[in-house]
Amino acid sequence: MSEHELILSFESSCDETSVAVIEDGHVILSNIIATQINSHKRFGGVVPEVASRHHVEQITMIIDDALRTAHVNYDDLDAVAVTYGPGLVGSLLVGVTAAKTIAYAHHLPLIPVNHMAGHIYAAAFVTTLQYPFLALMVSGGHTEIVYVDAPGHFNVIGETRDDAAGEAYDKVGRILGINYPAGKEMDTLAHQGQDTFNFPRAMMHEDNLDFSFSGLKSAFINTVHHADQVGDKLDRADLAASFQAAVVDVLIDKTMRALETHPVKQLIVAGGVAANQGLREALNAQMAVRFPEVEMVFPPLRLCGDNGAMVGAAAHIEWAKGVTAGPDLNAVPGLDFERAEQAV
């Protein structure tokens, strides 16, 4: 056994198959990711059955690659970790079954990890986390503001009531003829245009920290469809810029209000949309003016999407708390953090 803690960690909640070997919760020895983007592009989004089949095809090869890249074998490992939710149930089951099998065969502890906790703890590869901290969790499936007052203790103080931000990007991107996933190309296009359409900023003036993006999505789609019907040609870059400005304005407004009511030393921006350059630029500008004393932490771009390394970082925290699972561990597709009783 190594003198350092080594965790073999699995991520298969959606359309990436990933296995990583993580040392002491913050050192990446390997992080192998097999993406399925090309398989799902023609459908305009992730098809669950297709995703599950790809995971089955890839998982054993990814395990071998992760161990080989890290220069370790099963005897060197201290534990196995796996995302067990939230996500697509078929996809989750592939990772859970593989992790349980290895844990059982090699007499290793099995650590269950919440996928969203993984995204948040990807920040541990950047800096030492200081409690309490706030996390703005923005991805294709979730948009939440999470108050983390102790290791592995999450309280949702704001969340979307309908579409997640990343989901809205994909849906409006399809209207502009942008293939799934649309976020990166929408971001690039937005930097070439101006906010000329003044799309709605939902819930900005309500006395809560929740979000809503379905109205924005509908306003965008209706604007484009109306222009098509009357023969108007709209500027794609301005459409993208206007949509992104509306999303970013709401995310920043709610985050600033959360920071006012929940004093912290760090703000972590997590999830796939954390890679969005428009969001990063606007947040950096606002934080420098309003909360210069708060350290803002973005995971590296390669760790913003789904990956096994983030699962290993979260597993390090869970294992230190004594959290393990038995052979009856199952996928929980609707797993979520606890909602704080009083969310201002």
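Per an unreviewed UniProt entry, the chain is named tRNA N6-adenosine threonylcarbamoyltransferase. What the UniProt record of the chain gives under Subcellular location (unreviewed entry) is the line "Cytoplasm". The record held by UniProt for the chain lists under Catalytic activity (unreviewed entry) the comment "L-threonylcarbamoyladenylate + adenosine(37) in tRNA = N(6)-L-threonylcarbamoyladenosine(37) in tRNA + AMP + H(+)".

Q: Hey, could you go over the sheet that holds strand β1 (residues 6-11) for me, with residue numbers and the actual values?
A: Strand order across the open sheet formed by 5 strands is β3-β2-β1-β4-β5, with mixed pairing between neighbours. Every other strand in the sheet has two partners, leaving β3 (27-35) and β5 (110-114) as the edge strands with one partner each. The average angle at which neighbouring strand axes cross in this sheet is 20°, direction not considered. Relative to strand β4 (residues 79-85), β1 runs parallel, the two sharing 4 bridges. By the bridge assignment, L8 is partnered in β4 with V80. Along the sheet, helix α10 (residues 308-320) makes contact with β1, β2 (16-23), β3, β4 and β5, crossing β1 at roughly 125°.

Q: Give me the environment of L251: which residues, what numbers.
A: The residue L251 is located in helix α8 (residues 236-261) in this model. The exposure class assigned to L251 is buried, which follows from its relative accessible area of 1%. In the structure, L251 is positioned 115 residues away from L136 in sequence and 8.4 Å away in space, judged by C-alpha atoms. Setting aside residues no more than four positions away along its own chain, L251 makes contact with L136, V138, T143, F211, F213 and L279.

Rules and cut-offs
- Residues numbered from 1 in each chain as written.
- Predicted model: local features only at pLDDT ≥ 70, side-chain atom pairs only at ≥ 80, totals over all residues.
- Heavy atoms only, no water.
- UniProt positions renumbered as here; feature names shortened; annotations may be inferred.
- Pairing = 2+ DSSP bridges.
- Helix = DSSP H or I, 4+ residues; strand = E, 2+ residues; numbered from the N terminus.
- Axes fitted to C-alpha atoms, helices over the stretch in contact; angles between N-to-C directions.
- Contact = heavy atoms within 4.5 Å.
- Buried < 20%, exposed > 50% of the residue type's maximum accessible area, 1.4 Å probe, protein only.

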